[in-house]
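Working through the structure, step by step
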Amino acid sequence: MQIYYLGPKGTFSYLASQRFVNQNRIQHYDFVPKANLYEVIKYVSQDNASIGIVPIENSIEGTINIVADSLAQQNVYAHGELHLDIDFALYGKAGSQISDIKKVYSIAPAISQTSNYIMKHQFDYDYVDSTVKGFDMINKHTGAIAPLANENDYDFEILDTHIQDFAHNATRFLIIKNHANFDSNTNTSMFLITPKYDKPGLLASILNTFALFNINLSWIESRPLKTKLGQYHFFVQADAPVSQDVKKVMTILNTLDFETKLVGSFYK
C-alpha cells in the first residue's frame, strides 16, 4: 500500500500517517512524501491501491480549502479521519539562545498559529514549503518553527516549546481513496450539497431537514462554486451512517432543488 502525505519526513502529515499505520496495524506499506497537497490528491486519485493522509480542518485556522475543494472536484473520497494535537517548537543552531534569533521560517499556517509568539519576540519571518524545510534556513540568527516531535531527528537545538497561540490546537486529517466503496461499519457521513438555484433560505433548508430527523451535524462548510460570484455549495458531515433517515434527508433535499453527493463515510 502506498501512503501519500505532505512531506518531507517529520511534518505533521507524516506524524498523522504514522499514527494511522499504528492504529490500524498495517504491516505492508510505503510512505510516499509529496511536495504539496495538490500532488497528494492527484496521486491518490490515480492510484487504486493507495491512500492519502490530508489535513481538512485546524482548530485555529479552520478548513483547508484545497482539500475541501478536492472532494468536490477530484476523484477522491473520505474513508476515515484522525485528530492530531499540533505542538510547535522553535529550533535554532546548537548553542543559540532565543535572544540570538532575528528571523524564523515555516509554512504559512504555522506562522499564523504562532503569530503572538513571533510578535512578542519581534521576529521577522518568511515562508517555506513545509515546516521541516525551515531547518534548511537555520543559522546563528535564524530559527525554524516546526513540530515538537522532531527533537531527535535533526542536529538542531530546541530553543522553546509549546509556542502555539492556543494550547488546544489540533488538526483533523482525512484518509482519502479514489473510490466510494465504503465500509459497512460507519457512524459518519459526509455530503456535498449543491443548490440548483440561488434563492433565500438555502442553508436553513439544509439544516432544518437534518434537524427534522434529529441528525447532528459536526461540520458545515460553504465553498464557492467557482462559476459565479456569490454561488456556493455546502459540505455537511452528519453524525450518522447512511441509514434510512439519512436517505430520507437526501430525498427531501433533492425535492427542494439540491443536488446531493456522498463524498465520505467512515467510523470515527
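Rules used in this analysis
Residues numbered from 1 in each chain as written. Predicted model: local features only at pLDDT ≥ 70, side-chain atom pairs only at ≥ 80, totals over all residues. Heavy atoms only, no water. UniProt positions renumbered as here; feature names shortened; annotations may be inferred. Helix = DSSP H or I, 4+ residues; strand = E, 2+ residues; numbered from the N terminus. Polar contact = N/O pair within 3.5 Å; in protein donor to acceptor, adjacent residues only side chain to side chain. Contact = heavy atoms within 4.5 Å. Buried < 20%, exposed > 50% of the residue type's maximum accessible area, 1.4 Å probe, protein only. Expected span 1.5 Å × (residues − 1). Phe/Tyr/Trp six-rings, centres within 6.5 Å; stacked < 30°, edge-to-face > 60°.

Labelled according to an unreviewed UniProt entry, the chain appears under the name Prephenate dehydratase, originating from Staphylococcus warneri. According to the UniProt record, the Catalytic activity (unreviewed entry) comment for the chain is "prephenate + H(+) = 3-phenylpyruvate + CO2 + H2O". Under Pathway (unreviewed entry), UniProt gives the following word-for-word description of the chain: "Amino-acid biosynthesis; L-phenylalanine biosynthesis; phenylpyruvate from prephenate: step 1/1."

A few words on the side chain of R223. Mapped onto the elements, R223 comes out in strand β13 (residues 217–224). A polar side-chain atom of R223 sits 2.8 Å from a polar atom in the side chain of D69. If sequence neighbours within four positions are ignored, R223 has contacts with N65, A68, D69, Q231, Y232, H233 and F235.

Glancing now at the environment of T161. Looking at where T161 falls in the secondary structure, it is placed in strand β10 (residues 157–161). Residue classification places T161 among the partly exposed residues on the basis of a relative accessible area of 32%. Leaving out residues up to four positions away in the same chain, T161 has contacts with F88, A89 and L148.

Okay, helix α1 (residues 12–24) next. With 13 residues, α1 ought to run about 18 Å at 1.5 Å a step, and its terminal C-alpha atoms sit 18 Å apart, in line with that. Every buried residue of α1 is listed here: F12, S13, Y14, L15, A16, S17, F20 and V21.

Under the defined criterion, the tally for this structure stands at twelve aromatic pairs. Plain terms: the ring middles of Y14 and F31 are 5.6 Å apart, the flat faces sit at 70 degrees to each other, and that makes the pair edge-to-face. With Y14 in helix α1 and F31 in strand β2 (residues 30–34), the pair connects residues that are 17 residues apart, well separated along the chain. The class for F31 is partly exposed, based on a relative accessible area of 24%. With a centroid separation of 5.9 Å and 70 degrees between ring planes, the pair formed by Y125 and Y127 is classed as edge-to-face.

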